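As a plain string of letters, each chain reads:
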Amino acid sequence: MRILLVEDDPALRRSLAATFREEGYAVDTAGDGEEGLAKANGGVYDAVVLDVMLPLMNGWEVLERMRPDNRVPVLMLTARDTVPDRVKGLDNGADDYLTKPFDVDELLARVRALIRRSEGLSHPDIVIRDIRIDTVRRRVSTGEGEIQLTPMEYSLLEYLAIRKGSVVSRTTLYERLFDESDDSCSNLLDVHVSNIRRKLGADVITTRRGHGYCVEVE
Amino acid sequence: MKSGFPFHSIRWRIQVWHAVILLVAIIAFCITAYRLAWIHQLRRVDRVVVERERALISHLIHTGRKVLSDEGSGSRPPHVTLDLLLERGVDLSEGLSDVFGGQDTGHSFFMFLDPAGAVRMRSPNAPMSMLLPDVGESGMVELSRISGSYRESVRRSPSGVWSVVGRDISGEIEEMRHFALSLTASGFALWLVGLTGGWWIAGRVIRPIQTIGRTASRIAADNLRERIEVAGIGNELDQLSGVLNQTFDRLQAAFERQKQFTADASHELRNPIAVVVAETQRILRRDHSVSECREALQVCQDAALRMKNLTEALLVLARQDDQERTPVRETVDLDAVVNASVARLRKDAEQAGIRIELNGIPITCSGDPVGIGMVVDNLVGNAIHHHSGGSGGTVRVSWNPDGEWVQVAVEDDGPGIPEADAPHIFDRFYRADKSRSHSSGHFGLGLAVAKSIVENHGGTLDFANNPDRGVTFRMRLPR
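Note that the structure is predicted; figures quoted are calculated from it, not measured.

Rules of the game
Residues numbered from 1 in each chain as written. Chains lettered and ligands numbered in written order. Predicted model: local features only at pLDDT ≥ 70, side-chain atom pairs only at ≥ 80, totals over all residues. Heavy atoms only, no water. Helix = DSSP H or I, 4+ residues; strand = E, 2+ residues; numbered from the N terminus. Rg over C-alpha atoms; globule rule 2.2 N^0.38 Å. Contact = heavy atoms within 4.5 Å. Areas by Shrake-Rupley, 256 points an atom, 1.4 Å probe, with all protein chains shown as cover. Lys, Arg positive; Asp, Glu negative; His and termini not counted. Charge placed at Lys NZ, Arg CZ, Asp CG, Glu CD. Phe/Tyr/Trp six-rings, centres within 6.5 Å; stacked < 30°, edge-to-face > 60°. Lys NZ or Arg CZ within 6 Å of the ring centre and 35° of its normal. Buried area = accessible area lost by both parts, 1.4 Å probe. Salt bridge = Lys/Arg side-chain N within 4 Å of Asp/Glu carboxyl O. Nonpolar A, V, L, I, M, F, W, Y, C, P; charged D, E, K, R; others polar. Domains from an automatic or database assignment. Core = buried A, V, L, I, M, F, W, Y, C linked by side-chain atoms within 4.5 Å. Buried < 20%, exposed > 50% of the residue type's maximum accessible area, 1.4 Å probe, protein only. Patch = residues over 30% accessible without salt bridge, like charges linked within 9 Å, V, L, I, M, F, W, Y side chains within 5 Å. Pairing = 2+ DSSP bridges. Axes fitted to C-alpha atoms, helices over the stretch in contact; angles between N-to-C directions.

Undergrad: Can you break down the overall build of chain A residue by residue, with the values?
TA: When its secondary structure is counted, chain A shows eight helices and 11 strands. Computed over the C-alpha atoms, the radius of gyration of chain A is 18 Å, within 12% of the 17 Å expected from 2.2 N^0.38 for a compact globule of 218 residues. The principal-axis extents of the C-alpha atoms in chain A amount to approximately 50 × 30 × 30 Å. The contacts of chain A with a sequence gap of at least 6 include a subset with a gap of at least 24, amounting to 56%. Just so you have it, chain A exposes about 9,600 Å², and 47% of that area is on carbon and sulfur atoms. If you average the places of the 30 positive and of the 39 negative side-chain charges in chain A, the two averages end up 3 Å apart.

This is the structure in structure tokens:
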């Protein structure tokens, strides 16, 4: 999962980026509205966390210019907490709204819920045959018990599992699982896939040559 | 103000005053009309009385002469003749009964009395006795009077004989009574009409005031945006509405400013709080290395320092607002204040490669040394900060007396203040450089604080872009 974080306060930006990365997200950041809008319209994000008070272009304007073409879920972060402000945010096309200072757990839960809803899932657990993926605690278990995956392996599996049944290209996977600060080599993807197959069974991820990877429904 | 008693309302008061004044005017008018009519009536009666008197006298003299010439007594003045005749008791009343007789309305009588008041001759319809006016022993008397229902002309001849000719005026009195009644009735009717009209007019006058009052109370209650409608006639009510609207404009502006200030202050405070919360929660969520924890603590410390600086700035501002009531006033050595300020900022200036030039003479003014020091700190600090990046430059600080004032000027050769920012630089939380993040330690409060300090001293703080480069801030303080 790749997230765009638009926040002008460098301290808060760094802190939130670190939090999301520790949760296994790929995170890009922007320090002002114009940069935020440009990156958001790049179209590679699963969610955008957008501050309202931004230099150059405020959050409302960024949101207004993103919509309606860009359907990425947006969570607004703001220091203004009056009801009219919140209503305005939601009416302007924001999907959720959180006032500063906020609880980090709540922020993470809301971002998870936003992504889940945008993918059409109603429950945080994804089940594929005997494999159960708990997206809240980021754990994978089978009938034999919990399987230890590295954060990258988990993110790859989760991304494919959420879109189970459809083929995801390698390009998309690179876009969605690595952020711009990540300089890992491309073949690492194959390494992660083979590691997952070793841990969960060879048939959990199938390779469609020339197309990409897929988690089959049955 | 609410009064349960409706008679306290302006409408009722106007009505009561209107009623009293109208009543007084109508009564005065009625009385005058009545008096004029009465006087007119009396004059008419008096003319009749005089005519009858004349007829009586000439009849008497004529008859008397005839009697006396029969006796051969010769010619005498008329009143002597009359006195003589009366003394002799000659009955002269024959031939007068057609004028002086009867008891009908408007009848006349006559009567002659001797100096002692005894009746000597009278017409048959005259009263039996007569009360004579108290006018001394002797001399001529001529007067008109009303006695009962008679208008009487009373005379005393030089010899002391009284003659009274009277006319019954009961008809006139009755007429006047009718006149008085109709005057009263029409006056009262007029009064009622006036009252009704007054009530209507008062209502019309009051209505716009009531509208203004209702609008004003709506505005006061919750809707600061609403305004009283101005009819545009330019009358007193329009002026009142205009004044009220201006007041509401100012009130709304102050309210909006306060709201904006609170929003800005809470925003500025919430960001560092959010940083502390986010960072601590991130660290506590899972195990981190010592260096990571140290880094997080550093972030938290920076955020805490930001909050500290902001709260201090807000406190200074609040204290300045408070000082409008209780100002600190002592003799301030301006020379020392500027030098101390510059010493504090010397290091920043050196880092930015900026030279500070000082130019002033020892001078004192009256005020709060700490406050004035803050203003100088702020002006010099801004001059250093907003200097176009790192290429060096000069900041000139000069102070000198100027009549009743002392003036401190801080001049730089930086980029100056853009026209768009000029009207706002003294606003609270206004940052000329929008892209500058608020974590740079500048909240946009410095100049606002400086201005309120200077204004609390009764001085002025303004600025002007220099013709070539840079900007000059001038602080003027009373000495």
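Undergrad: Can you lay out the packing of aromatic side chains for me, pointing to particular residues and giving the numbers?
TA: The geometry of two aromatic rings is summed up by the distance between their centres and the angle between their planes. Following the criterion strictly, the structure yields nine aromatic pairs over all chains and no others. Through pairs of rings, three or more aromatic residues link up here, namely Phe100, Phe110 and Phe112 of chain B. The side chain of Arg163 of chain A reaches across the aromatic face of Tyr159 of chain A, ending 3.5 Å from its centre.

Undergrad: How would you sum up the interface of chain A and chain B? Please name residues and give values.
TA: Facing 24 residues of chain A, the contacting portion of chain B comprises 24 residues. Between chain A and chain B, roughly 2,100 Å² of surface is buried when both sides are summed, and carbon and sulfur atoms account for 51% of that area. For the pair chain A and chain B, the interface holds five salt bridges. Breaking the side of chain A that touches chain B down by element, the ones donating at least two residues are helix H1 (10–22) and helix H5 (104–118) of chain A. Per element, the largest residue contribution to the side of chain A that touches chain B is eight residues, and it comes from H1 of chain A. Here the residues of the side of chain A that touches chain B are counted per class, giving 12 nonpolar, two polar and 10 charged.

Undergrad: If you had to explain the domain arrangement of chain A to someone new, which residues and values would you point to?
TA: Residues and elements named next belong to chain A. When its domains are assigned, chain A resolves into domain 1 (2–118) and domain 2 (125–214). Centre-to-centre separation of domain 1 and domain 2, based on C-alpha positions: 26 Å. Each side of the interface is counted separately: domain 1 has 14 residues, and domain 2 has 13 residues. The junction of domain 1 with domain 2 conceals about 1,100 Å² of combined surface from both sides, 37% of it contributed by carbon and sulfur atoms. Remark: the boundary between domain 1 and domain 2 carries two salt bridges. The shortest N-O distance in the salt bridge between Asp46 and Arg163 comes to 3.5 Å.

Undergrad: Mind laying out the nonpolar core, listing which residues take part and the relevant values?
TA: One finds Phe20, Leu107, Val111, Ile133 and Leu173 of chain A to be the most contacted residues of the largest nonpolar core, which totals 54 residues. Broken down by element, this core gets its largest block of residues, eight residues, from helix H6 (residues 151–162) of chain A. Among residues more than four places away in sequence, those in contact with Val111 of chain A are Ile3, Phe20, Tyr25, Ala47, Val49 and Leu75 of chain A. With 47 residues, the next largest nonpolar core counts Ile354, Ile372, Ala383 and Trp399 of chain B among its residues.

Undergrad: Hey, could you go over the pattern of salt bridges for me, with residue numbers and the actual values?
TA: Side chains bearing opposite charge may pair, as long as their charged atoms lie close to each other. Within the structure shown, the criterion is met by 39 salt bridges over all chains. Here Asp95 of chain A makes a salt bridge to Arg67 of chain A, at a shortest N to O gap of 2.9 Å. One end of the pair, Asp95 of chain A, is in the loop between helix H4 (83–91) and strand E5 (96–99); the other, Arg67 of chain A, is in the loop between helix H3 (59–66) and strand E4 (74–78), with 28 residues separating them in the sequence. Take Asp95 of chain A: its relative accessible area is 37%, and that puts it in the partly exposed class. Note on Arg67 of chain A: relative accessible area 18%, which makes it buried. Asp377 of chain B is paired through a salt bridge with Arg344 of chain B; the nearest N and O atoms lie 3.1 Å apart.

Undergrad: Before we move on, can you summarise a nonpolar patch on the surface with the specific residues and values?
TA: Residues and elements named next belong to chain B. On the surface, Phe7, Trp12, Val16, Val20, Val24 and Trp199 cluster together into a nonpolar patch covering about 520 Å² of accessible area. It is helix H1 (residues 10–71) that contributes the most residues to the nonpolar patch, four residues altogether. For Val24, a relative accessible area of 54% puts it in the exposed group.

Undergrad: Describe the sheet that holds strand E12 (residues 471–478) of chain B, with residues and values.
TA: Pairing between the strands of a sheet is mediated by backbone hydrogen bonds and can be parallel or antiparallel. Residues and elements named next belong to chain B. Spatially, the five strands line up as an open sheet ordered E7-E9-E10-E12-E11, and their pairing is mixed. Both edges of this open sheet fall to strand E7 (354–360) and strand E11 (460–465), since each of them pairs with a single strand only. Each strand axis lies, on average, 15 degrees off the axis of its neighbour in the sheet, ignoring direction. Pairing of E11 with E12 involves six bridges; the strand directions are antiparallel. By the bridge assignment, Thr460 is partnered in E12 with Arg476. The strands touched by helix H6 (residues 334–351) within the sheet are E7, strand E9 (393–402) and strand E10 (405–412), with E7 carrying the most contacts at an inclination of about 170 degrees.

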